[in-house]
Amino acid sequence: MGEVVNFRQARKGLVRKAAEQQAAENRARFGRSKAEKQRDAVEQERVRKELDGAKRED
């Protein structure tokens, strides 16, 4: 016969696992320092200007 499982504990365990995964994704997405954010903003602005400068006027 199989192992006895408490459904309440199993359900809470699944919720905790999902919350931890969401937290890990948020840390990766939003957990950057101010300097990193500024560096990325400068890089995006440089790329935008480079692309706008390469546009052809019809």
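It should be emphasised that the depicted structure is a prediction, and the values quoted were computed from it without experimental measurement.

**Considering the overall build of the protein**
Logical step 1: A tally of helices and strands in the protein yields 2 helices and 0 strands.
Logical step 2: Taking 2.2 N^0.38 as the reference for a compact globule, 58 residues should give roughly 10 Å; the C-alpha atoms of the protein span a radius of gyration of 23 Å, well beyond that estimate.
Logical step 3: For the protein, the residues scored as buried account for 0% of the 58 residues in total.
Logical step 4: Roughly 6,000 Å² of accessible area belongs to the protein as shown, and the carbon and sulfur atoms make up 54% of that amount.

**Focus on the pattern of salt bridges**
Logical step 1: A full pass over the atoms with the stated rule returns 7 salt bridges.
Logical step 2: In this structure, D40 engages R39 in a salt bridge whose closest nitrogen and oxygen atoms are separated by 3.6 Å.
Logical step 3: Taking the relative accessible area as the measure of exposure, D40 reaches 27% and is therefore partly exposed.
Logical step 4: Via salt bridges that share partners, R32, R39 and D40 belong to a single interconnected network.

**As for helix 1 (residues 7-30)**
Logical step 1: Between its first and last C-alpha, helix 1 extends 34 Å over 24 residues, near the 34 Å set by a 1.5 Å rise per residue.
Logical step 2: N-cap assignment for helix 1: the residue whose side-chain oxygen lies 3.0 Å from the backbone N of R8 is N6.

**Quick look at the environment of D40**
Logical step 1: Looking at the secondary structure, you find D40 in helix 2 (residues 34-53).
Logical step 2: Separated by 33 residues in sequence, D40 and F7 have C-alpha atoms that sit 46 Å apart.

Here is what the cut-offs are and how they apply
Residues numbered from 1 in each chain as written. Predicted model: local features only at pLDDT ≥ 70, side-chain atom pairs only at ≥ 80, totals over all residues. Heavy atoms only, no water. Helix = DSSP H or I, 4+ residues; strand = E, 2+ residues; numbered from the N terminus. Rg over C-alpha atoms; globule rule 2.2 N^0.38 Å. Buried < 20%, exposed > 50% of the residue type's maximum accessible area, 1.4 Å probe, protein only. Areas by Shrake-Rupley, 256 points an atom, 1.4 Å probe, with all protein chains shown as cover. Salt bridge = Lys/Arg side-chain N within 4 Å of Asp/Glu carboxyl O. Expected span 1.5 Å × (residues − 1). Polar contact = N/O pair within 3.5 Å; in protein donor to acceptor, adjacent residues only side chain to side chain.

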